[in-house]
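So you can see what is in the structure, the chains are spelled out below.
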There are 2 protein chains.
Amino acid sequence: MTRHERLNALLELLADAGQLSVEEAAARMAVSAATIRRDFDELAQQQMLTRTRGGAVANSVSYDLPLRYKTARHASEKQRIAAATAGLVPPGAIIGLNGGTTTTEVARVLATRPDPGGGRPALTIVTNALNIASELAVRPHVKIVLTGGVPRPQSYELTGPLAAGIFDHVTLDIAVLGVTGITPEHGATCPNEDEAAVNRLLADRADHVVVVADGSKVGRRDFARICDTTTINTLVTDETLSEEAAAPFTEAGVEVIRA
Amino acid sequence: MTRHERLNALLELLADAGQLSVEEAAARMAVSAATIRRDFDELAQQQMLTRTRGGAVANSVSYDLPLRYKTARHASEKQRIAAATAGLVPPGAIIGLNGGTTTTEVARVLATRPDPGGGRPALTIVTNALNIASELAVRPHVKIVLTGGVPRPQSYELTGPLAAGIFDHVTLDIAVLGVTGITPEHGATCPNEDEAAVNRLLADRADHVVVVADGSKVGRRDFARICDTTTINTLVTDETLSEEAAAPFTEAGVEVIRA
DNA sequence: TAAGAAACGAGCATAAATGAGCATCAAGGG
DNA sequence: CCCTTGATGCTCATTTATGCTCGTTTCTTA
């Protein structure tokens, strides 16, 4: 394991547990305690953690553990959802994407799809997700428009009035929203009210609203409401969602796609 | 396999795995480790990857590596320039940064500097550089404000009317501008007129304008003008700039710091 | 409060990685 | 045919990362 990998692994462990002792870290990484101390000192210098006697504590409690676990667990479902969602997007469309692991996967699928030619960008993607913009900035046949704003470390989404301001100036063909919860009664929800506000604007500006959510999120609700079920045109989810659970959405006029 | 093919293959492997060791790359490409090091160095120069001891890591933000440790390379000219520039920034300041390798280095130095405490963000950074925002989003002690706009693949800078619109809403204590050329007659210049326009707004909104440029850029001029020499308060450069070359700037009222 | 234990930092030795310099090789042009 | 140019591989001095030892600091608890 290289030094670089080890430092990242230490941060991972720290994000999970919130704290980490020198001894435990040394055992996990199979290096001496002296090395771990040097690592902790360097990461402390970079403000990534705070040194304590005998160990270190996480500096920002910000890493969304459940999110990351689900990423690993539902990877293939996410990719099938992403592929199905990309299938809804015609060439040349203007598409809005918010942040999240599923929408990032959608962005990857869209970016790698063949260029229909004709000189114009094959696709315009409007997003408030920093990671999506970074990843797609180098793709030549996709035009990226990033909202401004302040990034939340937890999700890499830009929020705030500066993010909202952009939506006075654009319209979208399709908005693809990743959410952490969706129910027939409460509609789409996410954990943060600032993100919800920006996501709502994405939905408002779009002709067609697509919500992507793996089966574990359907029936859950989170703190901040993004939009009502009646606003949603399509829900793309996976086969872990039962027919019965899908029925209320269909009745509310939402097309449900189980990839 | 040509050199060009090999560089692309390296980036491909890196995109897949997120990291790559010199040894493994040498084996896969059937070339010596020395060649791989040269390749990595060149790609690192182009911001396509980040060099680590023993290998390299991909340069894109990803949910798979939510906490990214950045290697602090050692005293190069850029880093001395960056350190000197960071010394000009008082705690709690609101600072504007444009894109470029030197300003990215300034951002790193600012992000790792010790927290003065007191609860408020130690620093607010307003930038149109996607890579700086990505890298600093996880730093808890720095508030990042990103302009909106369309990223240019070459520089990761956001440009266009959406980027410009932000500057109606903010003011800055200090603007730090990386440029590709600066002369006493023509002022600061860069290769792209859209970037120049956004950079000019950064300078306009700031009380104090600092231009960072290594010695090779002083005396050069590029296509698009950012601002006049009279607008510039401070030029931070390195010791490769002769006293004689610095004199015209001093006479024009620019404080020249040779780090 | 004081003794013992744990953690720490500094210094040193070793091994790996690196960068610089040099020789070789292939491609292309006069 | 020879020369130039650029890429590559090799060697060696230097830098960097690591583990160990030892004296010092800090915490625990009697």
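All of the points below concern the structure found in this document. None of the values given here were measured: they were computed from a predicted structure. (Residues numbered from 1 in each chain as written. Chains lettered and ligands numbered in written order. Predicted model: local features only at pLDDT ≥ 70, side-chain atom pairs only at ≥ 80, totals over all residues. Heavy atoms only, no water.)

What to know about the protein's contact with DNA strand C
Taken together, 15 residues form the shell around DNA strand C, and within it R37 and G54 of chain A together with R37, R53 and G54 of chain B come nearest. Counting only atoms of DNA strand C within 4 Å of the protein, the fraction found in sugar and phosphate groups is 68%. Within the backbone of G54 of chain A, a nitrogen or oxygen atom sits 2.6 Å from a phosphate oxygen of DNA strand C. One nitrogen or oxygen atom from the side chain of R51 of chain B is found 3.3 Å from a phosphate oxygen belonging to DNA strand C. Grouping the constituent residues of the surface near DNA strand C by class yields two nonpolar, five polar and eight charged. (Near = heavy atom within 4 Å. Polar contact = N/O pair within 3.5 Å; in protein donor to acceptor, adjacent residues only side chain to side chain. Nonpolar A, V, L, I, M, F, W, Y, C, P; charged D, E, K, R; others polar.)

Focus on the interface of chain B and chain A
Contacts between the two partners involve 41 residues from chain B and, on the opposite side, 48 residues from chain A. Summed over both sides, the interface between chain B and chain A buries roughly 3900 Å², with carbon and sulfur atoms accounting for 66% of that surface. Counting across the interface, chain B meets chain A through zero salt bridges. Of all the elements in the fold, those that place two or more residues in the side of chain B that touches chain A are α6 (130–136), β6 (142–146) and β7 (150–151) of chain B. No other element matches the four residues that β6 of chain B contributes to the side of chain B that touches chain A. Residues of the side of chain B that touches chain A, tallied by class, amount to 23 nonpolar, eleven polar and seven charged. (Contact = heavy atoms within 4.5 Å. Buried area = accessible area lost by both parts, 1.4 Å probe. Salt bridge = Lys/Arg side-chain N within 4 Å of Asp/Glu carboxyl O. Helix = DSSP H or I, 4+ residues; strand = E, 2+ residues; numbered from the N terminus.)

A few points about the pairing of strand β12 (residues 206–212) of chain B
All names here are of chain B. The element β12 is largely enclosed, with a buried count of five among its seven residues. Here six bridges tie strand β9 (residues 172–178) to β12, and the two strands are oriented parallel to one another. Paired with A175 across the strands is V209, a residue of β12. Alignment of β12 against strand β14 (residues 234–237), held across three bridges, turns out to be parallel. Within β14, the position partnered with V210 by the bridge is T234. (Buried < 20%, exposed > 50% of the residue type's maximum accessible area, 1.4 Å probe, protein only. Pairing = 2+ DSSP bridges.)

Describing the side chain of T101 of chain A
Residue and element names in this part refer to chain A. By the secondary structure assignment, T101 is in helix α6 (residues 101–111). The class for T101 is buried, based on a relative accessible area of 8%. Among the polar contacts listed, one links the side chain of T101 to the side chain of K78, at a separation of 3.3 Å.

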